Amino acid sequence: MNQPALPERTRQFISELQAAWVEIDRQTTAFQQSGGLSCPANCGRCCARHTVEVSMPEMLPLAADLWQRGEAEEYIAFLENNPDEKVCVFYRPQPANRELGYCSVYQIRPSLCRLFGFAGRINKYGQRQLNACEVHKQIQPEKAVANDQMPLFEQFYHRISGLDAEFDWTPLPINQALLAALKKIGFLLSFSSTSLR
Ligand code: SF4
């Protein structure tokens, strides 16, 4: 991603966040391969049904990308005019079944979207416990179990939130987090004489 107009600190943050995503993808892929757990083709139930919550900094790469593509103002206008929209604006459902669809920003989706269904926590017995999604539990119950290769949410959240302690890492509904990130990048760009495009 070419971001000539953003401050060095912001570009560095985005670069380090994306490096953490590479590691998340590596670990979730290894976990899937070790146990055979996978999502059904075209399943978008998490995106369609849940109120996905992420922090504003997690949406900065997406926000920078939208400014770069000249689409940021369109998204800001939509989000300001539709503050109650709960389903992620990047989800593209199939007309006949809203639980089937795809993510239109798959490569730059935030950590939660990368980890959900393939990560978990240490339980009170000190064992890894998968936060399995409802679909996994229904159709692949024998595979929806933790093993030593299962990534841990906490490990990544600790790493990512440590990238910049001055950011507000409070989880927000994903569309609100996106709006805040778009405004943040717009604010930073307003001090620059060069456009991202
Ligand atoms: S960013 Fe993509 S994966 Fe995450 S909730 Fe939105 S559509 Fe789903």
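All figures in this text were calculated on a predicted structure; none of them were measured in a lab. (Residues numbered from 1 in each chain as written. Predicted model: local features only at pLDDT ≥ 70, side-chain atom pairs only at ≥ 80, totals over all residues.)

Chemist: So what about helix H3 (residues 60-69)? Which residues, and what values?
Modeler: Most of H3 is tucked away, with 7 of its 10 residues classed as buried. Those residues of H3 lying buried are Leu60, Pro61, Leu62, Ala63, Ala64, Leu66 and Trp67. Gly70 sits one or two residues past H3 and shows a positive phi near 80°. (Buried ≥ 20, exposed ≤ 12 C-beta atoms within 10 Å, placed from the backbone. Helix = DSSP H or I, 4+ residues; strand = E, 2+ residues; numbered from the N terminus.)

Chemist: Can you lay out the packing of H3 against helix H8 (residues 174-190) for me, pointing to particular residues and giving the numbers?
Modeler: A pair of packed helices is captured by two measures, namely the crossing angle of their axes and the spacing between those axes. The interhelical angle for the contact between H3 and H8, taken along N-to-C directions, is 60°, at an axis separation of 8 Å. As far as their axial angle goes, H8 and H3 are oblique. For H3 against H8, the interelement crossing comes out right-handed. Residues Leu60, Leu62, Ala63, Ala64, Leu66 and Trp67 of H3 lie in contact with H8, whose contacting residues are Leu178, Ala181, Leu182, Lys184, Ile185, Gly186 and Leu189. Class assignment for the residues of the contact of H3 with H8 results in 11 nonpolar, 1 polar and 1 charged. (Axes fitted to C-alpha atoms, helices over the stretch in contact; angles between N-to-C directions. Parallel < 35°, antiparallel > 145°, perpendicular 65-115°, else oblique. Left-handed = near helix turned anticlockwise from the far one by under 90°. Contact = placed C-beta atoms within 7 Å. Nonpolar A, V, L, I, M, F, W, Y, C, P; charged D, E, K, R; others polar.)

Chemist: Tell me about the site of the ligand, and please be specific about residues and values.
Modeler: Residues in close proximity to the ligand include Cys47, Val52, Cys88, Phe90, Tyr91, Cys103, Val105, Arg109, Cys113 and Ile174, which together make up its full environment. Looking at the shell around the ligand, its residues break down into 9 nonpolar, no polar and 1 charged. (Near = placed C-beta within 6 Å.)

Chemist: Describe the environment of Asp164, naming the residues involved and giving the relevant values.
Modeler: Mapped onto the fold, Asp164 is located in the loop between helix H7 (153-161) and strand S6 (172-173). According to the C-beta neighbour criterion, Asp164 is partly exposed, with 16 such atoms within 10 Å. With 100 residues separating them in the primary sequence, Asp164 and Ala64 have C-alpha atoms 17 Å apart. When near neighbours in sequence (up to four residues on either side) are disregarded, Asp164 contacts Phe13 and Pro57.

Chemist: Describe the environment of Met150, and please don't skip the residues or the numbers.
Modeler: Relative to the elements of secondary structure, Met150 occurs in the loop between helix H6 (134-139) and H7. By the C-beta count within 10 Å, which is 22 here, Met150 ends up buried. Considered as a pair, Met150 and Thr29 are 121 residues apart in the sequence and their alpha carbons are 9.8 Å apart. Met150 has contacts with Phe31, Ala119, Gly120, Arg128 and Leu130, leaving out every residue within four places of it along the chain.

Chemist: Could you give me a rundown of the pairing of strand S3 (residues 97-103), with the residues and numbers involved?
Modeler: Walk down a regular strand and you will see the side chains alternate between the two sheet faces. Pairing analysis gives 4 bridges linking strand S2 (residues 91-94) to S3, with the strands arranged antiparallel. The residue of S3 that forms the bridge with Gln94 is Asn97. Turn length for the S2-S3 hairpin, with the two strands adjacent in sequence and antiparallel, is 2 residues. (Pairing = 2+ DSSP bridges.)

Chemist: A description of the nonpolar core should follow, citing residues and the corresponding values.
Modeler: The nonpolar side chains of a soluble globular protein tend to be buried, and buried together. Residues Met59, Ala63, Leu178, Ala181, Leu182 and Ile185 are the most contacted members of the largest nonpolar core, which totals 43 residues. Here this core takes 8 residues from H8, the largest share from any one element. Those residues in contact with Leu178, other than ones at most four positions away along the chain, are Met59, Leu62, Ala63, Leu79 and Val89. (Core = buried A, V, L, I, M, F, W, Y, C linked by C-beta atoms within 7 Å.)

Chemist: I'd love a proper account of unusual backbone geometry, names of residues and values included.
Modeler: Backbone geometry at Asn42 places phi at a positive 65°, although glycine is not the residue there. On the secondary structure map, Asn42 appears in the loop between helix H1 (8-35) and helix H2 (45-49).

Chemist: Before we move on, could you go through H8 and cite the residues and values that matter?
Modeler: For an α-helix the count is 3.6 residues per turn, leaving residues at separations of three or four pointing the same way. For H8, built from 17 residues, the straight-helix expectation of 24 Å at 1.5 Å per residue is met to within 8% by its first-to-last C-alpha distance of 24 Å. Among all positions in H8, only Ile174, Asn175, Ala177, Leu178, Leu179, Ala181, Leu182, Ile185 and Leu189 are buried. At its buried positions, H8 is contacted by strand S1 (53-54), H3, helix H4 (72-81) and S6. (Expected span 1.5 Å × (residues − 1).)

Chemist: Provide a residue-level description of the packing of H1 against H7, including the pertinent values.
Modeler: Between H1 and H7, the shortest axis-to-axis distance is 10 Å and the interhelical angle comes to 165°. Between H1 and H7, the angle falls in the class roughly antiparallel. Considering the relative orientation of H1 and H7, their crossing is right-handed. Every residue of H7 that contacts H1 at Leu17, Ala20 and Ile24 is listed here: Phe156, Arg159 and Ile160.

Everything listed is a geometric property; what it means functionally is a separate question.
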